[in-house]
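Analysis of the macromolecular model
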Amino acid sequence: MTAIGAQAQRLLAHRRPQKSFFETLIRSLIILCVAIAVVLSSISVCDGRWLFARGQLFGLWHFCTVSNGSVLKCVTDLSLAKVEGLSMGVIPIRSMVSFAVVVAIFGLELLMVSQVCEDANARRKWSMGSVLILGSFLLSATGVLSFSILVKDHLTFTGFTLTYWCEFIAAFLFFLNGISGLHINSLTHPRNRVGKI
């Protein structure tokens, strides 16, 4: 084989197959939905007021009471809520949901970089980003569930605030997009095709 033939074969081996419009659309929608989930989760964590029950507002960072004049009085000392384990229990919950946002941002970055940079590692970057998004789902869902368990005596379906539902929906989107990302990667890049190249 000549040197030119060897070079041509090497270039063909490193060239990535052309993506279809449908695949590009699906991957773009996954990236968009992950970005929306990151924004929802960030809003939910920053506000942190997740449950309103019996004139009291329970949150990750504050405990608030509503007085007769509809004035909200908030304190950062969660032991004043007189809920067993709340003041110590929200510390790991805060950490989990905050870390979920950070992990999701890194996952989103990997997903976007894999689409912008058409190199040999794009498929691996997409897979790693999808795995990080699934990690965000686990952290987020654990935080939401743990908070619900901590305040179980005060739970009512209508008592959950909008920011709680933001975190719930964000966790759901993290799950859907993480699974979808891994699935579309396995559909468009089967392992046996890599072996043939």
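Scroll up for the structure.
Okay, so let's go over this structure. (Residues numbered from 1 in each chain as written. Predicted model: local features only at pLDDT ≥ 70, side-chain atom pairs only at ≥ 80, totals over all residues. Heavy atoms only, no water.)

Overview of the overall build of the protein chain
A tally of helices and strands in the protein chain yields six helices and four strands. In the protein chain, the succession of helices and strands from N to C terminus is α-α-β-β-β-β-α-α-α-α. Looking at the protein chain as a whole, 38% of its 197 residues are labelled buried. A sequence separation of at least 24 residues applies to 67% of the contacts in the protein chain between residues at least 6 apart. By element, 69% of the accessible surface of the protein chain is carried by carbon and sulfur atoms, the whole surface being about 11,500 Å². (Helix = DSSP H or I, 4+ residues; strand = E, 2+ residues; numbered from the N terminus. Buried < 20%, exposed > 50% of the residue type's maximum accessible area, 1.4 Å probe, protein only. Contact = heavy atoms within 4.5 Å. Areas by Shrake-Rupley, 256 points an atom, 1.4 Å probe, with all protein chains shown as cover.)

Here's the deal with the state of the cysteines
Taken as a whole and judged by the stated rule, the model has one disulfide. Residue Cys64 pairs covalently with Cys74 via a disulfide, S to S 2.0 Å. Measuring handedness by torsion sign, the sulfur bridge of Cys64 and Cys74 sits at about 105° and is right-handed. Remark: Cys74 occurs in strand β4 (residues 72-75) and Cys64 occurs in strand β3 (residues 63-66); sequence separation between them is 10 residues. Among the residues examined, Cys74 registers a relative accessible area of 33% and is labelled partly exposed. (Disulfide = S-S within 2.5 Å.)

Here we look at a nonpolar patch on the surface
Taken together, Phe21, Phe22, Leu25, Leu29, Leu32 and Ile36 make up a surface patch of nonpolar side chains, about 630 Å² in accessible area. When you line up the elements, Leu32 lands in helix α2 (residues 21-47). The exposure class assigned to Leu32 is partly exposed, which follows from its relative accessible area of 47%. (Patch = residues over 30% accessible without salt bridge, like charges linked within 9 Å, V, L, I, M, F, W, Y side chains within 5 Å. Salt bridge = Lys/Arg side-chain N within 4 Å of Asp/Glu carboxyl O.)

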